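# Report on the structure
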Amino acid sequence: MYFNHFHRSDNIPRDTSSCESPDPTNNLTDRLNTLLNSSGAGYTLSLCPSQQYVITAPLLFAAPNQEISTNGYPTDSTRATLVVDGPVANGTGHTTAVDGTCSNCDGVKLRNVQINGTRLGAPPTSGGANIEMGGSNANQVIEFVHSFDPRSWSCLHVAQGNLSCTNVTVQNNDIGPSGSDLYQQWSDGISFACRNGLVRNNMINNPTDGGIVLFGSPGTRVENNTIWVETHTLLGGINMVDVAPYSGDYQGVVVTNNIIAGGFASQLPQGSETKGTNDYNAVIKIGIAIGPRTWFGNAYGNNVSNGGTVQNNQFTGAFSYGIAMSSATNFSVENNVLTGNTSFIGVRGPNCSSNNPPSPAAFVIDMNTTSKSATQFDFSADSSGNSLTCVVPPTGGAYWPFGGTPNSTGPPVSPPEAGPTTSSSGSSTGSNGSIAGIVIGTIVAVLLLGAATWYVRKWAIKRSIPARYPRPPTDYYNYVRQRS
């Protein structure tokens, strides 16, 4: 039990006339689930602002078009917090706060709440994500939710059901931190396995496995998300590598206008310095991973990822690889660029096979296993595109670029979200990671413009609030643990 690690905001006045109070606490989970189970379609479970709801089992949506939200729809820290606090023993136990995968859960909505998974540095617990949505349903919405510190493998999982899940929207959420970068203690930000979905305008901070993982999800659009690391190494920013459950089908998937930021130096530059150290050795190993071999090596034989579009995405900070592509067909990968200061760093790790991985670079492709695809001109061809997450960041040393927001908990300073019209220069793929020809004055201008863009974006999100607003297979956990 983790209750002692939290406190209720007893000094904040509560308006309980239009929201469900967390008191009494001894029957809280049963009381909230009874409301959901007995109130029928269209019911809104309204939680009280600035209050913590310490639950010992998942809250279960029970009918179409139900909603769980905070009264008044705040978007800041006054959102009600669901605290995962059920028992854990022998690596299994309570991991999920909200479950919307019932057989009759079309149109359910999770809005304007916070989910604290309370891992608190412990090893991962086998079970579902902080939030489990999807299943054999349609038209669900998850928005303005802050989900962090999951006990298990993801902050948010949208499951495929019997492959009939469709039209789920995940937008304007604050996701992470999530998991540990210790071996096999990773956790995703958003794990998405639904057809024809929309994943947009999410801020994903310090995930450790995948920032956004697409399990096929044919027809899904992933746009205008920001993924960044500060204190942890991330295996993959956006992953299009999984064979299950759609046999590698990424047809109609579009990944566009996302910002992915690796680690930056932890200090400001002195004199003529161009690189610095990072207190956590934080990098993103692969910014966007395409094809099962990039992640799993030859574990899936000749299976490929088929049919996606990856365009107009931006990369800044420290990576091992910006985009890595292997065992893919019928992809379009174009107009993805480096912005600000970048480094491409990494050394062969203990889990690498006998074949050496490619040297760190912006864009790498294994031409032996990739076919029928349109790619931008600045990819580096390599024949060893297997299991690229086996590389590890260098220990210490001045390898990290200056930029971002050193020693800050905010997102990286980045350029505007509008997609560029030209592909990035091939000169950017060297191991020193600097973009040739960018002078100091231009860098400063880009960073200032990026800062303004981010604040305008957050303001716009707040302005956009309307006036009203089958659980994953048990082998999913073991499946994602195979990642290395």
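Refer to the preceding data block for the structure.
### So, the overall build of the protein
Scanning the protein for helices and strands turns up 4 helices and 38 strands. Taking all 484 residues of the protein together, 60% fall into the buried category. Of the roughly 17,800 Å² that the protein leaves accessible, carbon and sulfur atoms contribute 51%.

### Some words on the pattern of salt bridges
Under the definition given, this model contains 4 salt bridges. When the shortest N-O distance is used, the salt bridge between Glu-67 and Arg-111 registers 3.2 Å. Of this pair, Glu-67 sits in strand E4 (residues 67-70) while Arg-111 is found in strand E9 (residues 109-111), placing the two residues 44 residues apart along the sequence. Per residue, the accessibility class of Glu-67 equals that of Arg-111, and both read buried.

### Focus: empty space enclosed by the protein
A volume near 40 Å³ is recorded for the second largest cavity. When contributions to the lining of the second largest cavity are tallied by element, the ones reaching two or more residues are strand E30 (314-325) and strand E34 (361-365).

### Re the side chain of Asp-378
Here Asp-378 shows up in the loop between strand E36 (374-375) and strand E37 (380-381). Buried and unpaired, Asp-378 has Lys-275 as its nearest opposite-charge partner, separated by 17 Å.

### Re the packing of aromatic side chains
This model, assessed by the stated rule, comprises 9 aromatic pairs. Considering the side-chain rings of Phe-319 and Phe-344, the 6.1 Å spacing of their centres and the 25 degrees angle between planes classify their relative orientation as stacked. You can see Phe-319 sitting in strand E30 and its partner Phe-344 sitting in strand E33 (residues 337-344), a full 25 residues away along the chain. For the pair formed by Phe-319 and Phe-344, the shared burial category is buried. By way of ring pairs, the aromatic residues Phe-315, Phe-319, Phe-344, Phe-363 and Phe-379 are connected into one cluster.

### Focus on the layout of surface pockets
There is about 320 Å³ of room inside the second largest pocket. Lining of the second largest pocket is provided by 19 residues; of these, Asp-181, Thr-233, Lys-285, Val-392 and Pro-393 occupy positions nearest its centre.

### Some thoughts on the sheet that holds strand E15 (residues 169-171)
Strand order in the open sheet formed by 11 strands is E1-E4-E9-E12-E15-E18-E21-E24-E29-E32-E36, and the pairing between neighbours is parallel. At either end of the open sheet lies a strand with only one pairing partner, and these are strand E1 (44-47) and E36. Sheet topology places strand E21 (residues 221-223) next to strand E24 (residues 254-256); 3 bridges connect them, and they run parallel. Bridge assignment links Glu-223 to a residue of E24, and that residue is Thr-256.

### Observations concerning the sheet that holds strand E31 (residues 328-329)
Reading across the sheet, the 3 strands line up as E28-E31-E35 and stay open at both edges, with parallel pairing between neighbours. The sheet is open, and its two borders are formed by strand E28 (305-306) and strand E35 (370-371), each paired with just one other strand. In terms of strand pairing, E28 meets E31 through 2 bridges, oriented parallel. Paired with Ser-305 across the two strands is Ala-328, which belongs to E31.

### As for unusual backbone geometry
Of note, the amide linkage connecting Asp-23 to Pro-24 takes the cis form, showing an omega dihedral of -5 degrees. Inspection of the secondary structure assignment puts Pro-24 in the segment before helix H1 (28-38). A cis amide bond, omega 0 degrees, links Gly-176 with the succeeding residue Pro-177. Relative to the helices and strands, Pro-177 resides in the loop between strand E16 (174-175) and strand E17 (188-192). With a phi angle near 55 degrees, Asn-112 is a residue other than glycine that sits in the positive phi range. Along the chain, the position of Asn-112 falls in the loop between E9 and strand E10 (114-116). For Asn-112, a relative accessible area of 0% translates into the label buried. Although it is not a glycine, Asn-312 sits at a positive phi angle of roughly 60 degrees. Counting through the fold element by element, Asn-312 comes out in the loop between strand E29 (309-311) and E30. The buried category is assigned to Asn-312, whose relative accessible area is 15%.

Thresholds applied
Residues numbered from 1 in each chain as written. Predicted model: local features only at pLDDT ≥ 70, side-chain atom pairs only at ≥ 80, totals over all residues. Heavy atoms only, no water. Helix = DSSP H or I, 4+ residues; strand = E, 2+ residues; numbered from the N terminus. Buried < 20%, exposed > 50% of the residue type's maximum accessible area, 1.4 Å probe, protein only. Areas by Shrake-Rupley, 256 points an atom, 1.4 Å probe, with all protein chains shown as cover. Salt bridge = Lys/Arg side-chain N within 4 Å of Asp/Glu carboxyl O. 1 Å grid on protein atoms, 1.4 Å probe; cavity = no way out; pocket = protein on both sides within 12 Å on 5 of 7 lines; lining within 4 Å. Points joined across faces, edges and corners; volume = space filled by probe spheres on them. Lys, Arg positive; Asp, Glu negative; His and termini not counted. Phe/Tyr/Trp six-rings, centres within 6.5 Å; stacked < 30°, edge-to-face > 60°. Pairing = 2+ DSSP bridges.

Remember that the coordinates give geometry; whether it matters functionally is a separate question.
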